[in-house]
Amino acid sequence: MSSHPPFGQQSGGQENSLVRNAPGVPSIRNVNWGGLKTLYVKEVRRFFKVQLQTIWAPAITTLLYLVIFTVALGGRGEVHLGGSMVAFADFVAPGLIVMGMLNNAFANASFSLLVGKIQGTIVDYLMPPLSTAELLAALTGGAVTRAFLVGLTVWLAMALWPGVHVAPAHPIAVLWFGLLGSIFLALVGVLTSIWAEKFDHAAAVTNFVVAPLTLLSGTFYSVDRLSPVFQAISHANPFFYIISGFRYGFLGIADSPVALGSAVVLALDIALGILCYTLLRRGWRLKN
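Right, let's walk through the structure included here.

The rules behind each value
Residues numbered from 1 in each chain as written. Predicted model: local features only at pLDDT ≥ 70, side-chain atom pairs only at ≥ 80, totals over all residues. Heavy atoms only, no water. Helix = DSSP H or I, 4+ residues; strand = E, 2+ residues; numbered from the N terminus. Buried < 20%, exposed > 50% of the residue type's maximum accessible area, 1.4 Å probe, protein only. Contact = heavy atoms within 4.5 Å. Phe/Tyr/Trp six-rings, centres within 6.5 Å; stacked < 30°, edge-to-face > 60°. Lys NZ or Arg CZ within 6 Å of the ring centre and 35° of its normal. Salt bridge = Lys/Arg side-chain N within 4 Å of Asp/Glu carboxyl O. Patch = residues over 30% accessible without salt bridge, like charges linked within 9 Å, V, L, I, M, F, W, Y side chains within 5 Å. Areas by Shrake-Rupley, 256 points an atom, 1.4 Å probe, with all protein chains shown as cover. 1 Å grid on protein atoms, 1.4 Å probe; cavity = no way out; pocket = protein on both sides within 12 Å on 5 of 7 lines; lining within 4 Å. Points joined across faces, edges and corners; volume = space filled by probe spheres on them. Nonpolar A, V, L, I, M, F, W, Y, C, P; charged D, E, K, R; others polar.

### Points about the overall build of the chain
1) Next: Helix and strand content of the chain: 10 helices and two strands.
2) Next: Counted from the first residue to the last, the chain has its helices and strands arranged as α-α-β-β-α-α-α-α-α-α-α-α.
3) Next: The buried share of the chain, reckoned over its 288 residues, is 44%.
4) Next: Within the chain, counting contacts between residues at least 6 apart in sequence, those at least 24 apart form 79% of the total.

Given below as structure tokens:
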């Protein structure tokens, strides 16, 4: 009585060349670059379709802050920074640029998963053959892209504004702290979208966490002028290190050690990345 080899195998024990993988065995064993690129492009196209609202409106709003302050001071204000006196317009411009970047990185990242949960389309994020790291990277990448587009738009507008000097003294520091800050707020946004159940929850984080920490981080003033107690409080604010390092990239002067600020924000990015990865992998508040 002759026995036939199992389906998909030849008599010599070799697998049939037409059968690539056994059932249940994943065929993508490394990074799914195609899927990662597709989700990233989807996130970018989503905010780019309404660029008047997501890029140009924030840029104009940020520029209005500069116009109001420079007009109110008549171009005569100066700020003491790192032992030097800096024109107020030159001092506040970098802070406004990175503030716009941070706010928009958070807004973009906090929207994606949240709208999926509200509309019942969260399965579009969870079902594709993407690993948790790839999903997190695409969401973060889309938010960082929007942040840099807003920052570039604001910088170009300020470069054309009379009486403001925004030529970078250390371009690498500008890019580095802009990247660290954008990733930080993007991860906070992802964390918010995982936790939130409705848009009111995300708005609460914006109004009671992101906005106060941004405004109280030395954007419009130098912390050197504060009392020791408030200086200590400011140094506990991660936004302070982002803005201080970003301002150093333009002025070459900072009110905190640049290396320390870089290490603090980088450590926070890594910690938040691990937290978001863990929650996404477990499907917390996503699969229920």
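### Structural notes on the packing of aromatic side chains
How two aromatic rings sit relative to each other is given by the distance of their centres and the angle of their planes.
1) Next: For the structure on display, the rule yields six aromatic pairs.
2) Next: Relative to Phe199, the ring of Phe111 has its centre 6.1 Å away and its plane inclined at 15°; by these criteria the two rings are stacked. Here the residue Phe111 occupies a position in helix 3 (residues 88–119), and Phe199 occupies one in helix 7 (residues 199–215), the gap between them amounting to 88 residues.
3) Next: Note on Phe240 and Tyr241: the rings are 5.2 Å apart at their centroids and 70° apart in plane angle, and the pair reads as edge-to-face.
4) Next: Exposure remark for Tyr241: the relative accessible area of 8% places this residue in the buried category.
5) Next: Against the face of Phe91 rests Arg247, its NZ or CZ located 3.8 Å from the ring centre.
6) Next: The residue whose ring lies beneath Arg285 is Trp284, and the NZ or CZ to ring-centre distance is 5.4 Å.

### Here we look at the pattern of salt bridges
1) Next: The tally for this structure, following the rule as stated, stands at three salt bridges.
2) Next: Glu43 is paired through a salt bridge with Lys42; the nearest N and O atoms lie 3.6 Å apart.
3) Next: A relative accessible area of 0% places Glu43 in the buried class.
4) Next: On the basis of relative accessible area, Lys42 is assigned to the partly exposed category, the value being 39%.
5) Next: With a closest N to O distance of 3.2 Å, Glu197 and Arg285 form a salt bridge. Residue Glu197 is found in the loop between helix 6 (171–195) and helix 7, and its partner Arg285 is found in the segment after helix 10 (258–282); the two are separated by 88 residues along the sequence.

### With respect to a nonpolar patch on the surface
1) Next: A contiguous nonpolar surface patch, about 550 Å² in accessible area, is contributed by Leu52, Trp56, Ile60, Leu64 and Ile68.
2) Next: In this structure, Ile60 sits in helix 2 (residues 51–73).
3) Next: Relative accessible area serves as the criterion here: at 52%, Ile60 is assigned to the exposed category.

### Some words on the layout of surface pockets
1) Next: In this structure, the largest pocket occupies an estimated 560 Å³ of space.
2) Next: Lining the largest pocket are 23 residues; nearest its centre among them are Pro58, Asn103, Asn104, Ala107 and Arg146.
3) Next: At the level of secondary structure, the elements contributing two or more residues to the lining of the largest pocket comprise helix 1 (33–48), helix 2, helix 3 and helix 7.
4) Next: Of the residues assigned to the lining of the largest pocket, the class counts are 11 nonpolar, 10 polar and two charged.
5) Next: Put simply, the second largest pocket is a space of about 190 Å³.
6) Next: As for the second largest pocket, its lining consists of Ile97, Met101, Phe148, Gly151, Leu152, Trp155, Pro168, Val174, Leu175, Phe246 and Phe250.
7) Next: Of all the elements in the fold, those that place two or more residues in the lining of the second largest pocket are helix 3, helix 5 (132–160), helix 6 and helix 9 (238–251).

So yeah, pure geometry; function would need other evidence.
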